[in-house]
Amino acid sequence: LDTALIMEIPTSTAIAAGIQRLMDDATLCSRLTAQALQTISSYSFDIYAEQMLGLIRHDGHRHYMHAPEVGLYGKWSLPERLHGLQPLLELSRGLSVIDFSAAEGMISREFLKHEALIVHGFDLDPQRVQNASSLCKMWSGALFWVADLSDWEAFLRSRPDRMKQAYDIVLYLGIHHHLPAKHRRRTLEYAVNLSQRYFAIRTPASVYESDGINELLIEKGFQRFEVELDAPQSENLGLLTIYVRNQFEEKGI
């Protein structure tokens, strides 16, 4: 039974629209109230309290993704973090992917579901890396490691033996602006050099300009890969741009 209005992304605008909808539709409001009462009446207070405590109990780890079905209670939902990446997912079959923003592996898993051949991922938090390894364990081509990208030279010195020299797709999503300002362009340049075909970056619009990101990608032989978004990009998420190496664009790949 429907007992409430559901919002995929609970922005202030969406919440206000939901409240206004209930105010304008007394029948809907009454129906949801009655169905909510019917649903909650099947629970004793003890059962309700036990399940509520289970939902709010913190496991001591800082989650990034919000996916209660796999025990993750972070800030970002998978649809939010996948926004704009669908064309790249559809191109990933048989390709190699390196995810420098793997977190708990939710996005990496989507590339594996789309039959990416290899997905290697990194995160600074050991628990997130453990979660990613568990989440993607059914794919033999999925490997995740702990890494600090703020010092790229140190990262290269300690790079895993099984890491490839280059990847078809490089994911650099939501991390650039969190790196130390004096190091992040250098880290970005090295990450771009690893890309054989596609490079995806998500960062605030102001950082694209201050760090000369578009100019760097053009200098490295890339151009923007045009993506039609089904909704405007949110500055809160950072702006996603996908770049493609010129020779692949020329071949229509």
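These numbers were taken from a predicted model, which means no experiment stands behind them. (Residues numbered from 1 in each chain as written. Predicted model: local features only at pLDDT ≥ 70, side-chain atom pairs only at ≥ 80, totals over all residues. Heavy atoms only, no water.)

Draft legend 1. Structural detail: the sheet that holds strand β6 (residues 142–146). One open sheet accounts for 7 strands, arranged β6-β5-β4-β7-β8-β10-β9; its pairing is mixed. Where the open sheet ends on each side, the last strands, each with one partner, are β6 and β9 (222–224). Across this sheet, the average inter-strand angle for adjacent strands is 20 degrees, counted without regard to direction. Relative to strand β10 (residues 239–245), β9 is paired through 3 bridges, and the arrangement is antiparallel. (Pairing = 2+ DSSP bridges. Helix = DSSP H or I, 4+ residues; strand = E, 2+ residues; numbered from the N terminus. Axes fitted to C-alpha atoms, helices over the stretch in contact; angles between N-to-C directions.)

Draft legend 2. Layout of unusual backbone geometry. You will see that A103, though not glycine, has its phi angle at about 50 degrees, which is positive. Summarising the element assignment, A103 is placed in the loop between β4 (96–99) and α6 (106–113). The class of A103 is buried, set by a relative accessible area of 4%. With a phi angle near 70 degrees, E115 is a residue other than glycine that sits in the positive phi range. Note on placement: E115 falls in the loop between α6 and β5 (118–123). Accessibility expressed as a relative area gives 47% for E115, which makes it partly exposed. (Buried < 20%, exposed > 50% of the residue type's maximum accessible area, 1.4 Å probe, protein only.)

Keep in mind these values describe shape, not function.
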